[in-house]
Amino acid sequence: MLRYPAGPFRTRSREPRVPDSPVTFTAAVVQALERHRAQLADAEERAARVVELARRTLSAGAPHDGARRLAESILHTYDSDSCRPKRAYVVRDARPEDGDTVIELLGYIEGFEDLGDEGARMVRESFGRCPCPHHADAAALVAVDDADRPIGVLLGGAPVWMLDGPDNTPPHWLGLTRRIAHISAVAVDPEHRRAGAGRALIERAEHHFRTSGRRLVTLLHAPDLAPYYDALGYSVQSHFVAFLGQALYREDFHDIRMAFKPLDPRVRQTPVMGLPAPMISGILEDNAPPAGHWWFDGERLHH
Ligand SMILES: CC(C)(COP(=O)(O)OP(=O)(O)OC[C@H]1O[C@@H](n2cnc3c(N)ncnc32)[C@H](O)[C@@H]1OP(=O)(O)O)[C@@H](O)C(=O)NCCC(=O)NCCS
């Protein structure tokens, strides 16, 4: 038998909220949805800002252990969020009228925050119109939203990091610079991140460079982005070592990382004892080392 508590019951009578017409009901639902969408967009923007801050904290080499651990755990939580929707972004060549938006997007990259007039002019000029043969296959790409407005940008072309190469520049240096493409900038609007725009831009650039005869694509990035480029199939190193027959071309990077990806099956990476990174061969014609074990004594390669 059910026993009820003694005493007077107090009941609250509430008018059921029945909308007076389907029209007001629909309007109320639409309003509520819009409110939620705005709240979600706001939350995503705040999260993107926190993530950006965490990334900058790590790339600045946070001196405080607690700050570094906190930044790492923020990035880990964000990276493991698999619920972010992916979409197929349209990627197209940048046009002169995209200039202001592109320059704004480049501002998200450390070091590109203030390009100045000269920098902005150079970016605009890189929009596929440079007549210089060395830049003939330069890429200036944008990923656009449904209104054809750029939400991501990628600039690339000649391997600018090689242009002031080491003093011992080997004879094949010029050939190398013609076979290597470099992505000098890639940035996505924080509101559109983790939805596939960056990947779409990079894959399109790789296709462009491959079809224009480049055998290797490189880019330089902050150490905390290593997992990102690793997931895109890049090899992330602090050194670049290329095999050139009789000589090696080597560059060392200290605070930044070099990511590279072969665009041609002739390009190989061989681990060599005595070298700090795999030796890359096949960038030039007939430039494959004979099979077998190799080692480097600090001056010469031995087989
Ligand atoms: C780096 C950047 C371009 C990535 O763009 P994005 O559109 O968010 O990247 P995507 O959505 O295409 O991500 C592709 C993959 O990498 C992962 N990823 C994205 N950012 C990552 C990060 N910081 N660390 C690890 N993985 C990451 C995504 O989860 C996704 O994996 P999935 O397809 O398996 O889910 C963007 O974060 C950015 O503009 N950063 C500021 C500018 C900058 O630092 N540019 C790089 C230096 S030039």
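Residues numbered from 1 in each chain as written. Predicted model: local features only at pLDDT ≥ 70, side-chain atom pairs only at ≥ 80, totals over all residues. Heavy atoms only, no water.

**Some remarks on the overall build of the protein chain**
So, step 1. Check the secondary structure of the protein chain and you find seven helices and 13 strands.
So, step 2. Relative to its 303 residues, the protein chain shows a buried fraction of 38%.
So, step 3. Contacts in the protein chain between residues at least 24 apart in sequence constitute 67% of all its contacts with a sequence separation of at least 6.
So, step 4. On the protein chain, roughly 18,900 Å² of surface is accessible, and the fraction owed to carbon and sulfur atoms is 55%. (Helix = DSSP H or I, 4+ residues; strand = E, 2+ residues; numbered from the N terminus. Buried < 20%, exposed > 50% of the residue type's maximum accessible area, 1.4 Å probe, protein only. Contact = heavy atoms within 4.5 Å. Areas by Shrake-Rupley, 256 points an atom, 1.4 Å probe, with all protein chains shown as cover.)

**Quick word on the site of the ligand**
So, step 1. Neighbouring residues of the ligand: 19 residues in total, closest Val188, Arg194, Gly196, Gly198 and Arg199.
So, step 2. Within the side chain of arginine 193, an N or O atom sits 3.4 Å from an oxygen atom of the ligand.
So, step 3. Here an oxygen atom of the ligand and a backbone polar atom of alanine 195 are 3.1 Å apart.
So, step 4. Starting from 920 Å² of accessible surface for the ligand in isolation, the protein chains cover 84%.
So, step 5. Looking at the shell around the ligand, the elements that each hand over two or more residues are strand 4 (180-188), helix 6 (197-211) and helix 7 (226-231).
So, step 6. For the shell around the ligand, the class distribution of residues is 11 nonpolar, two polar and six charged. (Near = heavy atom within 4 Å. Polar contact = N/O pair within 3.5 Å; in protein donor to acceptor, adjacent residues only side chain to side chain. Nonpolar A, V, L, I, M, F, W, Y, C, P; charged D, E, K, R; others polar.)

**Considering a nonpolar patch on the surface**
So, step 1. Taken together, the side chains of Phe25, Val29 and Leu33 define a hydrophobic patch exposed on the protein surface, amounting to about 270 Å² of accessible area.
So, step 2. Mapped onto the elements of the fold, phenylalanine 25 is located in helix 1 (residues 22-59). (Patch = residues over 30% accessible without salt bridge, like charges linked within 9 Å, V, L, I, M, F, W, Y side chains within 5 Å. Salt bridge = Lys/Arg side-chain N within 4 Å of Asp/Glu carboxyl O.)

**Describing the sheet that holds strand 6 (residues 235-237)**
So, step 1. Taken together, seven strands build an open sheet; the order of strands is 1-2-3-4-5-9-6 and the sheet is mixed. Edge positions in the sheet fall to strand 1 (90-93) and strand 6, since each has one partner strand and no second. The sheet shows a mean angle of 25 degrees between the axes of neighbouring strands, taken without regard to direction.
So, step 2. Judged from the three bridges that link them, strand 6 and strand 9 (residues 257-262) form a sheet pairing that is antiparallel. The residue bridging serine 235 from the neighbouring strand is phenylalanine 260, located in strand 9.
So, step 3. Here helix 3 (residues 99-106) sits on the sheet and contacts strand 2 (139-144), strand 3 (150-157) and strand 4; the angle it forms with strand 3, its principal contact strand, is near 80 degrees. (Pairing = 2+ DSSP bridges. Axes fitted to C-alpha atoms, helices over the stretch in contact; angles between N-to-C directions.)

**Re the packing of helix 3 against helix 4 (residues 116-125)**
So, step 1. One can describe the packing of helix 3 onto helix 4 by two numbers: an axis separation of 10 Å at closest approach and a directional angle of 120 degrees. The orientation of helix 3 with respect to helix 4, classified from their angle, is oblique. Seen along the crossing, helix 3 lies across helix 4 with a hand that is right-handed. Residue-level inspection shows Gly99, Asp100, Val102, Ile103 and Leu106 of helix 3 in contact with helix 4, the latter providing Ala120, Val123 and Arg124.
So, step 2. Its residues placed into classes, the contact of helix 3 with helix 4 shows five nonpolar, one polar and two charged. (Parallel < 35°, antiparallel > 145°, perpendicular 65-115°, else oblique. Left-handed = near helix turned anticlockwise from the far one by under 90°.)

**Some remarks on the pairing of strand 2**
Residues in a regular strand project their side chains so that they alternate between the two faces of the sheet.
So, step 1. Within strand 2, six of the six residues are buried, leaving the element largely enclosed by the surrounding structure.
So, step 2. Where strand 1 and strand 2 come together, four bridges link them in antiparallel fashion. Bridge assignment links valine 90 to a residue of strand 2, and that residue is valine 144.
So, step 3. Pairing analysis gives six bridges linking strand 2 to strand 3, with the strands arranged antiparallel. When the bridges of strand 3 are listed, alanine 143 appears paired with glycine 152.
So, step 4. Connecting strand 2 to the next strand, strand 3, in antiparallel fashion are five residues, including aspartate 148 with a positive phi near 65 degrees.

**Observations regarding the nonpolar core**
So, step 1. Counting residues in each nonpolar core, the largest one holds 25 residues, and the members touching the most others are Leu154, Ile183, Ile202, Phe209, Tyr229 and Tyr234.
So, step 2. Only strand 2, strand 3, strand 4, helix 6 and strand 5 (216-221) provide two or more residues apiece to this core.
So, step 3. Ranked by residue count, the leading element in this core is helix 6, at six residues.
So, step 4. Apart from residues no more than four positions distant in its own chain, isoleucine 202 is found in contact with Leu154, Ile183, Val186, Tyr228, Tyr229, Leu232 and Tyr234.
So, step 5. The next biggest cluster of nonpolar side chains, apart from the first, holds 17 residues, and it includes Phe240, Ala242, Met258 and Ile283. (Core = buried A, V, L, I, M, F, W, Y, C linked by side-chain atoms within 4.5 Å.)

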